[in-house]
Amino acid sequence: MIEFHLDARSGVSPYLQLVHQVRHALRLGLLDEGDQLPTVKQVVGRLAINPNTVLKAYRELEHEGLVSARPGVGTFVTKTLSDDSLAAHGPLRRELQRWLTKARRAGLDDESIEALFGDTFRTAALEVVA
Amino acid sequence: MSSVLEADGLGRRYGRRWALRDCTLDIPAGRVVALVGPNGAGKTTLLHLAVGLLEPTTGTIGVLGEKVSDTPAQLGRVGFVAQETPVYPALSVADHLRLGAHLNPGWDDRVAQERMQQLQLDPSQRAGSLSGGQRAQLALALAVAKRPKLLLLDEPVASLDPLARREFLQGLMEIASEQEVSVILSSHLVADLERVCDYLVLLTASRIQLAGEVEELLATHRRLIGPRRDIDSLPAGQQVIEASHTDRQSTLLVHTEEPIHDPAWAVEEVSVEDLVLAYMRQGTAAQRDPSPVWGVKR
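Everything quoted here is computed from the prediction, not taken from an experiment.

Rules used throughout
Residues numbered from 1 in each chain as written. Chains lettered and ligands numbered in written order. Predicted model: local features only at pLDDT ≥ 70, side-chain atom pairs only at ≥ 80, totals over all residues. Heavy atoms only, no water. Helix = DSSP H or I, 4+ residues; strand = E, 2+ residues; numbered from the N terminus. Polar contact = N/O pair within 3.5 Å; in protein donor to acceptor, adjacent residues only side chain to side chain. Contact = heavy atoms within 4.5 Å. Pairing = 2+ DSSP bridges. Expected span 1.5 Å × (residues − 1). Buried < 20%, exposed > 50% of the residue type's maximum accessible area, 1.4 Å probe, protein only. Axes fitted to C-alpha atoms, helices over the stretch in contact; angles between N-to-C directions. Domains from an automatic or database assignment. Buried area = accessible area lost by both parts, 1.4 Å probe. Salt bridge = Lys/Arg side-chain N within 4 Å of Asp/Glu carboxyl O. Nonpolar A, V, L, I, M, F, W, Y, C, P; charged D, E, K, R; others polar.

## So, the side chain of Gln137(B)
All names here are of chain B.
Okay, step 1: Of note, Gln-137 is situated in helix α5 (residues 132-145).
Okay, step 2: Looking at Gln-137, its side chain comes within polar contact range of the main-chain oxygen of Glu-167, at 3.3 Å.
Okay, step 3: Among residues more than four places away in sequence, those in contact with Gln-137 are Arg-115, Leu-119, Glu-167 and Phe-168.

## Points about the sheet that holds strand β2 (residues 17-28) of chain B
Residues and elements named next belong to chain B.
Okay, step 1: Read across the open sheet, the four strands follow the order β2-β1-β4-β5; overall the sheet is antiparallel. With partners counted over all chains shown, the strands left at the sheet margins are β2 and β5 (66-67), one partner each.
Okay, step 2: Of the strand pairs in this sheet, strand β1 (residues 3-14) and strand β4 (residues 58-63) are connected by five bridges, and their pairing is antiparallel. Across the sheet, the residue bridging to Glu-6 is Gly-62, located in β4.

## Digging into helix α1 (residues 14-27) of chain A
Residues three or four positions apart in an α-helix share a direction because the helix packs 3.6 residues into each turn.
Residues and elements named next belong to chain A.
Okay, step 1: The end-to-end C-alpha separation of α1 is 20 Å, in line with the 20 Å expected for 14 residues at 1.5 Å each.
Okay, step 2: For α1, every residue scored as buried is listed here: Tyr-15, Gln-17, Leu-18, Val-19, Gln-21, Val-22, Ala-25 and Leu-26.
Okay, step 3: Taken together, the buried residues of α1 touch α2 (40-47), α3 (51-63) and β2 (74-77).
Okay, step 4: Gly-29 sits one or two residues past α1 and shows a positive phi near 75 degrees.

## A word on the sheet that holds strand β12 (residues 239-245) of chain B
Residue and element names in this part refer to chain B.
Okay, step 1: Pairing is antiparallel in the open sheet, where four strands are placed in the order β12-β13-β11-β14. Strand pairing shows two members of the sheet lacking a second neighbour, β12 and β14 (266-269), which therefore form its edges. Across this sheet, the average inter-strand angle for adjacent strands is 20 degrees, counted without regard to direction.
Okay, step 2: Sheet analysis places β12 next to strand β13 (residues 249-255), joined by six bridges and oriented antiparallel. Residue pairing across strands places Ala-243 opposite Leu-252, the latter belonging to β13.

## A closer look at the domain arrangement of chain A
Okay, step 1: In terms of domains, chain A is made up of domain 1 (14-84) and domain 2 (89-129).
Okay, step 2: Between the C-alpha centres of domain 1 of chain A and domain 2 of chain A the distance comes to 30 Å.

## A closer look at the domain arrangement of chain B
Residues and elements named next belong to chain B.
Okay, step 1: Its domain assignment divides chain B into domain 1 (3-204) and domain 2 (215-288).
Okay, step 2: The distance between the C-alpha centroids of domain 1 and domain 2 comes to 34 Å.
Okay, step 3: Taken together, the contact pairs nine residues of domain 1 with nine residues of domain 2.
Okay, step 4: Carbon and sulfur atoms make up 80% of the surface buried where domain 1 meets domain 2, a total of about 770 Å² over both sides.
Okay, step 5: Taken together, the connections running from domain 1 to domain 2 amount to zero salt bridges.
Okay, step 6: Where domain 1 packs against domain 2, one counts one residue pair in polar contact (both at pLDDT 80 or more).
Okay, step 7: Broken down by element, the side of domain 1 that touches domain 2 gets its largest block of residues, three residues, from strand β9 (residues 199-204).
Okay, step 8: In the side of domain 1 that touches domain 2, the residues fall into six nonpolar, two polar and one charged.

## Overview of the pattern of salt bridges
Okay, step 1: Counted under the stated rule, the structure contains 18 salt bridges over all chains.
Okay, step 2: Residue Arg98(B) is joined to Asp95(B) by a salt bridge in which the shortest nitrogen-to-oxygen separation is 2.7 Å. With Arg98(B) and Asp95(B) both in helix α3 (residues 93-103) and three residues apart, this pair spans about one turn of that helix.
Okay, step 3: By relative accessible area, which is 54% here, Arg98(B) ends up exposed.
Okay, step 4: Residue classification places Asp95(B) among the partly exposed residues on the basis of a relative accessible area of 26%.
Okay, step 5: Between Arg281(B) and Glu242(B) there is a salt bridge, with the nearest N and O atoms lying 2.5 Å from each other. Note that Arg281(B) is positioned in helix α8 (residues 272-288) and Glu242(B) in strand β12, a separation of 39 residues in sequence.
Okay, step 6: The class of Arg281(B) is partly exposed, set by a relative accessible area of 46%.
Okay, step 7: Taken together, the shared-partner salt bridges in this structure form one network comprising Lys41(A), Arg110(B), Glu114(B) and Glu178(B).

## Re unusual backbone geometry
Residues and elements named next belong to chain B.
Okay, step 1: Notably, Leu-64 is not glycine yet its phi reads approximately 50 degrees, a positive angle.
Okay, step 2: On the secondary structure map, Leu-64 appears in the loop between β4 and β5.
Okay, step 3: Assessed through its relative accessible area of 4%, Leu-64 is described here as buried.
Okay, step 4: Although it is not a glycine, Gln-120 sits at a positive phi angle of roughly 55 degrees.
Okay, step 5: Note on placement: Gln-120 falls in the loop between α4 (109-119) and α5.
Okay, step 6: The class for Gln-120 is exposed, based on a relative accessible area of 68%.

So this is what it looks like as structure tokens:
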């Protein structure tokens, strides 16, 4: 079971934050087919948010075909996003860690690292499209 | 049943002072409503009118599809937690539950016991020695154990510390997720309620400034930032709620049903708190300068 959290300063609406966290967990293999999401009562009892916010997030995930609600039982994961690429995550993460160490050694601070990564990521994405 | 609270031209006067005027509202069922406004804006008056503790001076008010009355049938369907969450200091927690069970025909002891278990209150403890947070939780438990269809809470978290405030709202949201109950809670601080409410009613200077579904309100308001310009030059559909200008720049908060196409503006979404503050300032300004008749040019 995963546990949700909310970032009040992110500017992202609470319902979308919940959706993102489930997708994130699916992608990283933290959630798998058949796993149950926390019940609405559990989520609102922890985060003190409106129950409709949770329902909306779960409906959106259901619409995307990622989960399915079983009335009176709960909401369950029906699809995984972590396909075959999950095995490659480990080595890729290690390469990224080495890259980060190099960047720090070269004197880049957190903000510069994020900017460089974001910029390279976007340029590469554009090249793929082109 | 479609609406839980309907008011039409509702007003209440104390002597010469209007505590509430021209209040017209139609709040749909199943919402958690934030009733927000500065102290003295009329929030408590509106809640007291809704539970029949006050009579209207003008207009009408109804709850759960019926005119407000003090019949046992209606009292049984409306739960009310007054400001400062009053309890009987000399009575124990268990006494309060016994009293609740005795006085309310629809009393659901299972709900009461479940709340008590979660709160881990000692049944023999006198209510007078409870902490502010525990007292608020006891008052909430009493109000929900009668299984109301509408639950009204007047500033329930105002006097609580941040932790107790959070615990109270957690408990309240659990109840909202489990029971078919509509909730109206007031606060002078919108930040407390921003995440729990899906409907907003803003009172300023005895009048309703804004009322509606939070999602819709957020979708129809935008902040526009751009080169300085005259607000009269905006398209007809854009209603300016608040404007500030420097010699080069204008920052506006506008209400609009249409998307903003003008490329001169940087368009930003607004938060509930931004909205409330802008409308509150608008309402307070209108109060200071009540009518253009007084606007003598000098």
